[in-house]
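A look at the structure
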Amino acid sequence: MLLFAYIYPRGVNSMKMFCIVKSHLIYYILLILLMVSSTYAFEEKNGNKLANKVIVVDAGHGGIDSGATRPGVDEKDINLAVALQLKNILNQKGAKVIMSRQTDMELSNECDNEKVRGRYHRDLMARVEMVEESDADLFVSLHANAVRNDKKRGAEVFYYNKSETGKILANLIQAELYSVAGRSHSAQNANYFVLRRNKIPAVLIELGYITNTEERQLLLAPDYQQKLARAIAEGICKFY
Ligand SMILES: [Zn+2]
């Protein structure tokens, strides 16, 4: 329409046409502004929230290390299933995700530090090295719990007590998980190796108890795994 104003021959109606184009122009500008702002709002809500963030998602245990077990259930499989779902969601939000493992494997052979002895410690050190080598922003380790008391259930988030940012992140994730898996409003501190050795905000999440009959079934169900993954991703988004 603007172009039309330039090519329209000068004459009796040229000023009238110019006025029409001018009034229309305001609508076009408003329309463009509306489209830009709604696109921005959409991206804020649905994508790009975690753009440029590098997040290490650590599926606990793996390979010969099954973690907690009960007949027919290995913790390592639940951890990996939720980790893969979490990876997809974080990717959708713009984050770059580094998985400590994407298959059923242990990581002791991945450890570069020759001074670290023993399969168990080398496996854990390899997970910390991944953070250092990738210059990651955030570390999330996924686990599932088992205890003697089969009534105990719910998701719990842990942080290292000397990490203020870890504590903030843990509490944000715990608050989101509360609506999915109940148990506690606030995160707890713990002296786990992968938390203590990380210099970036790091949390360890016990997704639930495989020793509680009902929660065990939930933890094995892909739709429940996705609910957990979504809550964790939401907590991470709120951290930024
Ligand atoms: Zn574990």
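Not measured: the values here are computed from a predicted model.

1. Thoughts on the overall build of the chain
Along the chain, the regular secondary structure elements total eight helices and eight strands. Burial analysis of the chain (240 residues in total) assigns 39% to the buried set. Considering only contacts in the chain between residues 6 or more positions apart, those separated by 24 or more positions represent 73%.

2. Topic: the packing of helix α5 (residues 164-181) against helix α8 (residues 222-239)
Remark: α5 packs on α8, axes separated minimally by 8 Å, with the N-to-C direction vectors making an angle of 145°. Here the hand of the crossing between α5 and α8 comes out right-handed. Along the contact surface, α5 presents I168, L169, L172, I173, A175, E176, L177, S179, V180 and A181, while α8 presents K227, L228, A231, I232, E234, G235, K238 and F239. Of the residues that constitute the contact of α5 with α8, the class distribution is twelve nonpolar, two polar and four charged.

3. A closer look at unusual backbone geometry
At N52, a position not held by glycine, the phi torsion is positive, near 70°. Assignment of secondary structure puts N52 in the loop between α2 (14-46) and β1 (54-59). Given 9 C-beta atoms within 10 Å, N52 falls into the exposed group. One non-glycine residue with positive phi stands out, namely H61, at about 65°. Considering the arrangement of structural elements, one finds H61 in the loop between β1 and β2 (69-70). H61 sits in the buried class, given 26 other C-beta atoms within 10 Å.

About the cut-offs
- Residues numbered from 1 in each chain as written.
- Predicted model: local features only at pLDDT ≥ 70, side-chain atom pairs only at ≥ 80, totals over all residues.
- Helix = DSSP H or I, 4+ residues; strand = E, 2+ residues; numbered from the N terminus.
- Buried ≥ 20, exposed ≤ 12 C-beta atoms within 10 Å, placed from the backbone.
- Contact = placed C-beta atoms within 7 Å.
- Axes fitted to C-alpha atoms, helices over the stretch in contact; angles between N-to-C directions.
- Left-handed = near helix turned anticlockwise from the far one by under 90°.
- Nonpolar A, V, L, I, M, F, W, Y, C, P; charged D, E, K, R; others polar.

Everything listed here is a matter of geometry and, on its own, says nothing about what the molecule does.
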